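Chain by chain, the residues:
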Amino acid sequence: MTTDIQKHETQKHEDAMSTPTLAPHQDAPTGHTAPEGRVGAGLFDPKQLVRSLPDAFRKLDPRVMVKSPVMFVVWIGSVLTTVFSLKDPGDWFGWTISAWLWLTVVFANLAEAVAEGRGKAQADTLRKAKTDTVARRLLAGGTSEERVPGTELTVGDLVVCEAGDVIPGDGDVVEGVASVDESAITGESAPVIRESGGDRSAVTGGTKVLSDRIVIKITTRPGETFIDRMISLVEGAARQKTPNEIALNILLASLTIVFLLACATLPPFANYAGTHLTMVVLVALLVCLIPTTIGALLSAIGIAGMDRLVQRNVLAMSGRAVEAAGDVSTLLLDKTGTITLGNRQAAEFVPVRGATEAEVADAAQLSSLADETPEGRSVVVLAKDRYGLRERYQGELVGAEWIAFTAQTRMSGVDVDGRKIRKGAAGSVIAWVEEQGGRIAEDADRIAGRISEAGGTPLLVAVQDGRGARILGVVHLKDVVKQGMRERFDELRRMGIKTVMITGDNPLTAKAIAEEAGVDDFLAEATPEDKMALIKREQAGGKLVAMTGDGTNDAPALAQADVGVAMNTGTSAAKEAGNMVDLDSNPTKLIEIVEIGKQLLITRGALTTFSIANDVAKYFAIIPALFAAVYPGLDKLNIMHLSSPDSAILSAVVFNALIIVALVPLSLKGVRYRPMSADRMLRRNLGIYGLGGLIAPFLGIKLIDLLISLVPGL
Amino acid sequence: MSPVLAGVLQLLALIGALALVHIPLGTYMARVYSSKKHLRVEKWIYKAIGADPDAEMTWPAYLRGVLAFSVVGVLFLYLLQRLQGILPGSMGFSSVNPAQSFNTAVSFVTNTNWQSYYGEQTMGHVVQTAGLAVQNFVSASVGIAVAVALVRGFARSRTGELGNFWSDLVRGTLRILVPIAAVAAVILVACGAIQNFSGIHEVGQFMGGSQQWNGGAVASQEAIKELGTNGGGYFNANSAHPFENPTPLTNILEIFLILVIPFSLTRTFGVMVGSVKQGYAILATMFTIWLAFVSLMMWTEFAHHGPAFQAAGGAMEGKEVRFGVGGSSIFAVSTTLTSTGAVDSFHSSFTGLGGGITLLGMMLGEIAPGGVGSGLYGMLIMAVIAVFLAGLMVGRTPEYLGKKIGAREMKLAAAYILITPALALVFTAASMALPTPPHSMLNSGAHGFSEVLYAFTSASNNNGSAFAGLNANTDWFNTMTGLAMLLGRFLPMVFVLALAGSLAGQRPVPVSAGTLRTEKPLFTGLLVGAILIITGLTYFPALALGPLAEGLA
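Everything numeric here is computed off the predicted structure, so don't read it as measured data. (Residues numbered from 1 in each chain as written. Chains lettered and ligands numbered in written order. Predicted model: local features only at pLDDT ≥ 70, side-chain atom pairs only at ≥ 80, totals over all residues. Heavy atoms only, no water.)

## Remarks on the overall build of chain B
In terms of helices and strands, chain B carries 18 helices and four strands. Against the 2.2 N^0.38 benchmark of 24 Å for 553 residues, chain B shows a C-alpha radius of gyration of 22 Å, consistent with a compact globule. Each principal axis of the C-alpha distribution contributes one length, and for chain B these read about 75 × 55 × 50 Å. Within chain B, the proportion of its 553 residues that are buried is 63%. For chain B, long-range pairs separated by at least 24 residues make up 78% of all intrachain contacts whose partners lie at least 6 apart in sequence. Working note: accessible area of chain B is about 18000 Å², and carbon and sulfur atoms make up 68% of it. Taken as two groups, the 27 positive and 23 negative side-chain charges of chain B have centres that lie 18 Å from each other. (Helix = DSSP H or I, 4+ residues; strand = E, 2+ residues; numbered from the N terminus. Rg over C-alpha atoms; globule rule 2.2 N^0.38 Å. Buried < 20%, exposed > 50% of the residue type's maximum accessible area, 1.4 Å probe, protein only. Contact = heavy atoms within 4.5 Å. Areas by Shrake-Rupley, 256 points an atom, 1.4 Å probe, with all protein chains shown as cover. Lys, Arg positive; Asp, Glu negative; His and termini not counted. Charge placed at Lys NZ, Arg CZ, Asp CG, Glu CD.)

Below, the structure written as structure tokens:
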């Protein structure tokens with residue numbers, strides 16, 4: 001048990017040391033945003049459509065079109081119908097069909113352009129941050145410096161930055177401490193601390209030093225810096241098709257070929273039946289049948305998915321990682337900061353025999369006034385909340401001699417009115433009591449043991465007065481699980497995702513917190529090797545693992561994990577190893593990343609199903625229109641009672657084009673996602689997009705036909 | 001008893017028999033393909049062909065086995081027909097011409113059994129028994145072997161090995177097909193089917209004139225014709241001929257034989273992948289489509305309007321009185337939803353919509369329940385496609401039985417579903433566009449078009465049934481249906497085996513609450529919908545100009 005307490009003490013020491021350097025915005029309260037901020041939200045501004053029109057026309061270039069096989073077929077069809085209309089300029093039907101086919105292509109391009117446009121705005125902001133900087137490069141001796149343009153820096157150069165300087169490139173601080181304004185990339189205005197050594201040494205080019213002087217060792221070549229990569233990512237320039245997108249494209253291409261065959265083989269059949277099909281009609285039929293809806297929106301869905309991450313201040317280095325996030329079945333979450341609030345808090349005062357609870361509370365409060373650590377503050381707060389002890393200030397007690405908490409003594413206290421009160425780590429307080437010639441109460445050890453077993457941390461409170469030196473009682477420090485975490489883990493479980501808590505605590509403590517938070521499993525006394533082994537073990541079972549990390553020693557595990565989210569406050573090594581960077585450095589965001597990944601796939605699946613289901617209605621519109629003249633019986637298939645064959649074909653083409661525009665907002669926002677089991681999700685989405693896709697075009701085509709029949713002269 | 005009631009009772013009896021048999025037979029077949037032991041006779045065969053039955057094969061090796069064996073089969077059957085004129089025991093028939101020999105050789109090796117010849121006027125005892133009957137067994141066994149290889153692809157992990165083709169081929173033939181066919185043949189003989197090697201008899205008719213009756217080993221061929229979903233009749237009239245299918249009882253038995261292995265293989269699949277529920281889901285999908293088609297067929301055939309039909313109790317034209325509308329409808333649907341192609345009635349004479357149902361059954365890719373083996377692998381490919389859509393909709397990279405459906409798997413599945421529609425539509429279009437082929441049509445108008453469409457749909461899907469009417473014994477039809485059969489059989493097998501290899505190399509993903517549950521009714525419903533919509537959409541224009549134009553007139 002003593003070892004346990006000592007382990008706590010070292011840890012507390014570390015916590016205390018690192019506290020001052022925490023980025024101010026890192027302590028986001030629960031890390032989880034309110035429901036309206038959940039995946040699926042995001043505003044769509046119709047003005048974006050208009051703004052993106054020029055881009056949409058630019059994309060009509062066949063070299064661009066060929067990247068989307070389905071829309072390329074429509075493009076070729078539009079060219080064909082236009083050529084045939086030119087040969088027969090008096091044919092209003094041919095011209096109208098041609099116009100709507102071109103519109104279909106433009107609408108598809110528009111969807112992509114709008115998706116890209118959102119990223120462009122962000123890229124422009126980033127570019128502003130990347131103004132040409134002048135670097136103060138240290139010369140060989142290390143004493144004198146020269147001024148060179150930031151673009152001429154090479155890896156390994158040492159540069160100096162002082163208050164007001166813009167950091168010229170990505171690097172690690174090798175000397176000094178400074179506060180840095182990183183708002184250019186994170187959008188967070190509060191400055192963060194960057195210092196040499198440790199896990200907070202990485203600085204990003206384009207950010208600004210606000211105070212002090214640091215020496216930075218450049219780690220990235222100009223043009224490949226973090227900000228450069230961010231720009232190309234949000235612009236979609238570096239976008240590559242993800243594995244799942246490729247698979248879907250193959251399915252769409254194969255459906256396109258099937259329908260191409262169905263249409264190309266139709267003329268001989270029709271000739272035999274005694275009717276001639278014009279090229280315009282054949283192309284119209286083909287375009288209606290091939291999956292244009294999903295083909296038009298596919299790339300917009302992918303870009304928008306990445307964009308949703310960017311809006312949550314997460315940068316995915318590849319689309320592959322976003323997709324993998326949807327497949328994750330094991331989440332490794334660090335205990336501190338993710339599951340629990342960053343610091344332990346006092347939860348109760350336990351007196352030893354012969355002392356009262358109030359006595360302990362009073363002594364604990366007095367002795368904690370000189371303890372500025374969060375734990376120390378929490379003791380004062382508990383004494384006030386639970387025992388109504390008014391918070392006292394150091395100044396009110398005349399003649400008191402304050403003993404401040406230090407990482408070396410691991411103890412704080414006060415000497416006042418002939419009383420000496422001490423509170424601190426068990427080992428330190430016991431040593432102090434013995435030094436003062438006092439004795440250790442027998443039950444102190446037992447109480448401390450019980451607290452440890454329950455997952456808490458015992459702090460001892462001791463006093464020396466007229467009755468000698470003795471232990472008064474124990475403060476129970478507890479890890480406080482963030483609000484709402486249990487519910488989040490329940491949701492994850494319903495989604496089929498297992499959560500594993502990673503902690504440096506001993507197994508007892510870890511188990512208690514794991515039970516309280518409701519995680520599925522925990523890894524106690526975790527070393528980087530343990531983490532790595534756990535990831536490999538899960539992966540060997542076919543599972544995909546996601547984790548967050550910030551330290552250099554996290555780097556191997558971040559690289560091994562399928563989704564490795566590095567905190568922006570972390571080291572360059574961690575950022576290099578992970579495949580995503582969270583600019584807010586909020587580990588809870590991993591859960592949102594998983595949701596965004598799933599949402600991306602669901603949106604693709606839903607629109608594909610919708611697109612295929614749409615075809616049924618189009619057949620019922622077009623086939624009777626084409627053949628009822630030779631086989632009157634086929635008019636029974638005209639269940640929509642469309643007014644004329646021309647109007648039927650035109651309505652189907654118009655519907656096919658308009659549905660793309662109608663679905664642009666959905667493809668950008670993504671299908672609404674709520675955590676639920678696969679079964680319920682499938683039932684819901686099949687109902688909406690499968691059945692909906694079957695019915696919607698019947699209504700839409702009928703409506704368009706009604707409008708067309710109102711046009712005079714048709 | 002009314003004809004409708006008789007039909008329904010036959011249907012119920014059939015379903016009952018299948019329900020009883022599919023579990024033990026399916027489990028037995030799983031054991032056959034999983035067992036480590038070889039029978040003595042099997043060891044002799046392996047020694048004779050120089051194969052090591054215990055050597056595991058990767059997918060290319062397995063495919064080489066399938067192709068090599070089939071090429072040899074085609075050559076042998078071709079030569080046998082070309083040499084018939086000089087072979088003994090040929091009842092005096094001359095050699096078959098090259099185009100028809102090619103067509104017939106391909107037809108029997110591909111498990112199609114399309115017949116552009118009149119059996120009783122073309123093939124002697126030697127070709128029938130040593131050639132056609134042998135292929136009836138082994139072509140069926142090849143189909144099951146490929147399906148089993150795909151099942152192993154799902155069941156195995158992190159290995160590229162799919163089993164041994166030679167062992168699968170021999171076991172399928174000796175342990176499954178031969179014993180069941182033997183029992184069935186005895187029952188058929190007992191019910192009146194003929195089994196002899198006698199020659200041609202001249203028989204006087206009641207109305208004057210005379211008729212030729214052939215003898216032959218008919219019952220034994222009949223049993224495997226149905227059991228192996230082959231369909232090539234000894235006689236031109238196929239299962240409508242009283243020597244092949246003498247009574248209503250043998251009719252139901254023959255339908256049972258057609259369906260029993262394809263349905264039972266779903267159980268084999270379930271057992272081999274370690275989840276019988278997954279097998280039930282596939283069974284449910286097949287059964288739903290089959291039952292829906294049978295019901296539709298009975299409805300359209302019984303309900304056909306017109307005084308003559310009413311008097312006959314339904315659309316009796318082209319149907320045997322001893323089977324009635326009910327027995328004929330069940331047979332017609334079962335033979336076109338499997339790759340059998342045997343007929344006990346003339347599909348051309350069915351009502352317009354009824355003819356359309358037989359066409360659509362083949363167009364679905366013959367997967368409900370489909371041919372022996374080919375039905376299962378065809379259905380599993382459709383399941384892969386459906387899983388892909390459904391998997392996306394639950395927000396995960398789609399996976400089926402723990403195996404991820406990525407770009408490579410999708411490429412293979414997509415190629416598979418492209419082949420038969422491409423073959424059927426392109427060959428039909430070419431036939432309609434060229435000047436001479438349409439001369440083979442018996443009828444004009446939509447019905448004539450249906451004849452050609454039916455021929456190529458049947459050949460591409462390896463069904464083998466004919467709409468009747470069409471004169472397919474021309475160089476054009478013999479060659480083109482022959483090509484359609486070859487490509488329609490072996491190209492899909494290439495993709496199936498490649499897919500099996502790809503799946504077998506994967507590490508399975510464990511099941512969690514986020515996994516799409518493919519054993520649930522919801523998925524079965526989705527699968528049925530996907531099959532109907534995807535094939536329906538592909539063929540809708542062609543169907544509209546054929547059976548729909550006729551049926552809705």
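## Comments concerning unusual backbone geometry
Excluding glycine, most residues fall at negative phi; most peptide bonds, likewise, are trans. Omega for the peptide link from B:Ala368 to B:Pro369 comes to 0°, which places this bond in the cis form. Tracing the chain through its elements places B:Pro369 in the loop between helix H13 (352-363) and helix H14 (374-393). Residues other than glycine seldom take positive phi values, yet A:Asp417 does so here, at roughly 50°. Considering the arrangement of structural elements, one finds A:Asp417 in the loop between strand S14 (411-416) and strand S15 (419-425). A relative accessible area of 72% means that A:Asp417 is categorised as exposed.

## Comments concerning the packing of aromatic side chains
Per the stated rule, a full pass over the model turns up 24 aromatic pairs over all chains. Geometrically, the ring pair formed by B:Phe263 and B:Trp290 is edge-to-face, given 6.1 Å between the ring centres and 85° between the ring planes. Here B:Phe263, found in helix H9 (residues 248-272), pairs with B:Trp290, found in helix H10 (residues 276-302); they are 27 residues apart in sequence, far enough to count as distant. The class of B:Trp290 is buried, set by a relative accessible area of 0%. Members of the aromatic cluster, each reached through a chain of ring pairs, are A:Tyr619, A:Phe620, A:Phe698 and B:Phe540. When the ring centre of A:Phe84 is taken as reference, the NZ or CZ atom of A:Lys87 above it lies at 4.7 Å. The ring centre of B:Phe350 lies 3.9 Å from the NZ or CZ of B:Lys319, which sits over that ring. (Phe/Tyr/Trp six-rings, centres within 6.5 Å; stacked < 30°, edge-to-face > 60°. Lys NZ or Arg CZ within 6 Å of the ring centre and 35° of its normal.)

## Topic: the UniProt feature "transmembrane region" (unreviewed entry) in chain A
Listed under "transmembrane region" (unreviewed entry) in the UniProt record, and renumbered for this structure, are residues 68-86, 92-111, 246-267, 279-303, 616-634, 649-668 and 688-711 of chain A. Spanning residues 246-267 of chain A, this segment combines 95% helix with 0% strand, and its end C-alpha atoms are found 33 Å apart. (UniProt positions renumbered as here; feature names shortened; annotations may be inferred.)

## Description of the side chain of B:His447
Residue and element names in this part refer to chain B. Along the chain, His447 turns up in helix H16 (residues 445-460). Reaching out from His447, the side chain makes a polar contact with the side chain of Ser348 at a distance of 2.9 Å. Beyond its immediate sequence surroundings of up to four residues, His447 is in contact with Ser348, Phe467 and Glu550. (Polar contact = N/O pair within 3.5 Å; in protein donor to acceptor, adjacent residues only side chain to side chain.)

## Quick look at the interface of chain A and chain B
Of the residues lining the interface, 60 residues belong to chain A; the matching set on chain B comes to 58 residues. Taken together, both faces of the contact between chain A and chain B bury some 5000 Å²; the carbon and sulfur share is 76%. The largest share of the area that chain A buries against chain B comes from A:Phe269, A:Tyr272 and A:Leu682, three residues that together contribute 14% of it. Counting across the interface, chain A meets chain B through one salt bridge. A:Asp679 is the salt-bridge partner of B:Lys520, the closest N and O atoms lying 2.7 Å from each other. At the level of elements, helix H9 (243-264), helix H10 (266-273), helix H13 (319-327), helix H18 (485-494), helix H20 (528-540), helix H23 (589-627) and helix H25 (678-710) of chain A are the ones that each hand at least two residues to the side of chain A that touches chain B. (Buried area = accessible area lost by both parts, 1.4 Å probe. Salt bridge = Lys/Arg side-chain N within 4 Å of Asp/Glu carboxyl O.)

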